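Understanding the architecture of this molecule
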Amino acid sequence: MKRWTTILGRGGTTLIAISLALLLVSVVPSIQTHTSGGSGPLGPEGMRILLNAQNFNPQQELEVAVTVEGTVTVYLLEIDLELNFSPTAGFGYNFNSTDLQELLEEHPDRVIWEHEVENGDYKRSYIPTRVMNATVVAYNQPDSENAYLESDVALQSGLAPKDKVRNIAYWVAPIGVILALPWLVNLWKQRKHK
Amino acid sequence: MTNMGKGKPFLEVLASTIHEDYRFPFLELFAFFYILGTFVLSSFTGTVSSQFTTNEGVAYSLASSLISGSLIVFMLLIFKNIAYGLGNELEKGIIQTYFSYPLKRRAILTAKLLSAIGVAMLLFFGIQISALYILAPDIVLPQLDTVILTYAASLSYPLLISAIMLLLTLKLRRGGIGLVVGIVLYFAMSIVALIAFFVAVASKSPLFLQILSVISPTYALQYHYGGGLSGVSSLLSVPWAPTLSEALLYIGASYVLVASLFALGYIYFSRRLNL
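Thresholds, definitions, all that
- Here, residues in each chain are numbered from 1, in the same order as that chain's written sequence.
- Chain labels run from A onward and ligand labels from 1 onward, assigned in the order the entries are written.
- Selection of residues for local features in this predicted model requires a pLDDT of at least 70, selection of side-chain atom pairs for listing and counting requires 80 or more, and totals for whole chains, interfaces and linings are taken over all residues.
- Water and hydrogen atoms were dropped before computing side-chain values, which therefore reflect all heavy atoms in the structure.
- In this analysis, a patch consists of residues with relative accessible area above 30% that form no salt bridge, clustered at 9 Å for like charges and at 5 Å for the nonpolar side chains Val, Leu, Ile, Met, Phe, Trp and Tyr.
- Here the accessible surface of atoms and residues is derived via Shrake-Rupley with a 1.4 Å probe, and residues count as covered only by protein chains that are part of the display.
- Salt bridges are defined by distance alone: a side-chain nitrogen of Lys or Arg within 4 Å of a carboxyl oxygen of Asp or Glu.
- Here Asp and Glu are counted as negative and Lys and Arg as positive; His is not counted, and neither are the chain ends.
- Taken as the charge location is NZ of Lys, CZ of Arg, CG of Asp or CD of Glu.
- A run of H or I in DSSP counts as a helix once it spans at least four residues, and a run of E counts as a strand once it spans at least two, with each numbered from the N terminus.
- To define a nonpolar core, start from buried Ala, Val, Leu, Ile, Met, Phe, Trp, Tyr and Cys residues and group those joined through side-chain atoms within 4.5 Å.
- A simple rule labels every residue: compare its accessible area, found with a 1.4 Å probe on the protein chains alone, to the largest value its type can have, and call it buried under 20%, exposed over 50%, or partly exposed in between.
- In this analysis, two residues are considered to be in contact whenever any of their non-hydrogen atoms come within 4.5 Å of each other.
- Side-chain atoms alone can form a polar contact between residues adjacent in sequence; in general such a contact is a pair of N or O atoms within 3.5 Å, and within protein one must be able to donate a hydrogen while the other accepts it.
- For any pair of parts, buried area is found by adding up, for both, the accessible area (1.4 Å probe) each one loses once the two are put together.
- Residues are sorted three ways: Asp, Glu, Lys and Arg are charged, Ala, Val, Leu, Ile, Met, Phe, Trp, Tyr, Cys and Pro are nonpolar, and all the rest, Gly among them, are polar.

**Here we look at a negative patch on the surface**
A grouping of Glu69, Asp121, Glu150 and Asp152 of chain A is seen on the molecular surface, where their side chains present a negatively charged patch. Mapping Glu69 of chain A onto the fold places it in strand S3 (residues 60-77).

The following block contains the structure:
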């Protein structure tokens, strides 16, 4: 009986130590590695690439914030774009609204999420569970009117997904305390007896 | 004595050695540092680059990035348990109390190693698997074989150091020198690997890397998946890309080496160690 109390108690204190370490990991602030923002009108069938991230990995977090006057759909797509240069237009991606339509019809599996924003603010963050190429696109549907888009996209690098790690720590700590309590009480009684 | 009768003394010795090796709060401290080592010292952004183009390569780079941090904590725990713990027991003659149990010497050493290395590995794997699942479940589950192979390759060299430390501790009956040799061997490997890499590039022969891979097969796996400095510049390309079966052969050879050294330790502890 005493041995089992010790085994469970030490298991409990180990779980408490693990949850403390996870809490510490979750409070380490992330570093902003990329940020891009802008504003401007977006006509019907107009499209704007807000971000193209290569090797987007589980230690990174994407934060998208848009403010829209009109109706704009924001997509997070799993595609890799090439940057091209033309003397007239400068640098630009080889991806236009026709390519987007084609992708949406033929490869819907490449759409990680989409959200239609109508006259308002929209914020969303995303942490991948694998390594991928991510592209954030804002698109004004052909049947919509002119829209005005203000966007702010940031890519942050951290140690681990904070919410996930913190949730695990919150679950593990009480289990650890329950397991450790009888052993700690025994230990305290023994010391008092001595 | 029946097998049933031998089981209880073995468990008694195992419980006693675990109690000695992981006195409160050592287990808790090492669990804490395992977590910190796993998350703080791993960097996916640095390791996941264009060098690794296949899914297996990405899984390898992520797993090896996670391992590197907590492997240092794992080694510290092994250093403490073998060189300091066992070394102290041999030096002060405490080990003789275990000989009063109706057990063969090899069973006593098994109990000591299960506590020193087995429990440390249990903690290591428990935390690593959880961390991999927290961070990248969509990489781990489809590429489970690559992840297991990466762990097998990465743990071979630390186990080799443990076996060498065990032999030195048993021979000298104290842990000081074993501890120093263990630390030197652990940190020297990365320097030797860099020298072997430049020798391989200069001589256009992968011989040194192949020899090194028998000791630490993680290099064979790294070159199999296309990592190393060869991705930095074409001038630094190594004429060596082992196939998966070759990499498996290096992993197998390294574990044969580890098993042989542990077997030597068992023979020495059972027959030659006069206490």
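**Remarks on the nonpolar core**
The biggest cluster of nonpolar side chains holds 91 residues, and the ones touching the most others in it are Tyr34, Phe39 and Phe74 of chain B. Counting residues per element, this core draws most heavily on helix H4 (residues 55-92) of chain B, at 16 residues. Ignoring any residue separated from it by four or fewer positions in sequence, one finds Tyr34 of chain B in contact with Ser70, Val73, Phe74, Leu77, Ala120, Leu123, Phe124 and Ile127 of chain B. Leu62, Val72, Tyr122 and Ala138 of chain A belong to the second-largest nonpolar core, a separate cluster that totals 24 residues.

**Remarks on the side chain of Asn140 of chain A**
Residues and elements named next belong to chain A. Mapped onto the fold, Asn140 is located in the loop between strand S7 (132-139) and strand S8 (147-157). With relative accessibility at 0%, the residue Asn140 sits in the buried group. A polar side-chain atom of Asn140 sits 2.7 Å from the main-chain carbonyl oxygen of Leu42. A distance of 3.0 Å separates a polar side-chain atom of Asn140 from the backbone oxygen of Glu145. Setting aside its immediate chain neighbours within four residues, Asn140 contacts Leu42, Gly43, Pro44, Glu45, Gly46, Thr71, Glu145, Asn146 and Ala147.

**Observations regarding the interface of chain A and chain B**
Each partner contributes residues to the interface: chain A has 28 residues there, and chain B has 31 residues. Summed over both sides, the interface between chain A and chain B buries roughly 2,300 Å², with carbon and sulfur atoms accounting for 68% of that surface. If you sort the residues of chain A by the area they bury against chain B, Arg10, Gln59 and Thr129 of chain A come out on top, with a joint share of 22%. Across the contact surface, chain A and chain B share two salt bridges. Counting every contact that joins chain A to chain B gives six residue pairs in polar contact (both at pLDDT 80 or more). Sorting the residues of the side of chain A that touches chain B by element identifies helix H1 (2-27) and helix H3 (162-193) of chain A as the ones contributing at least two each. Counted by class, the side of chain A that touches chain B contains 16 nonpolar, eight polar and four charged residues.

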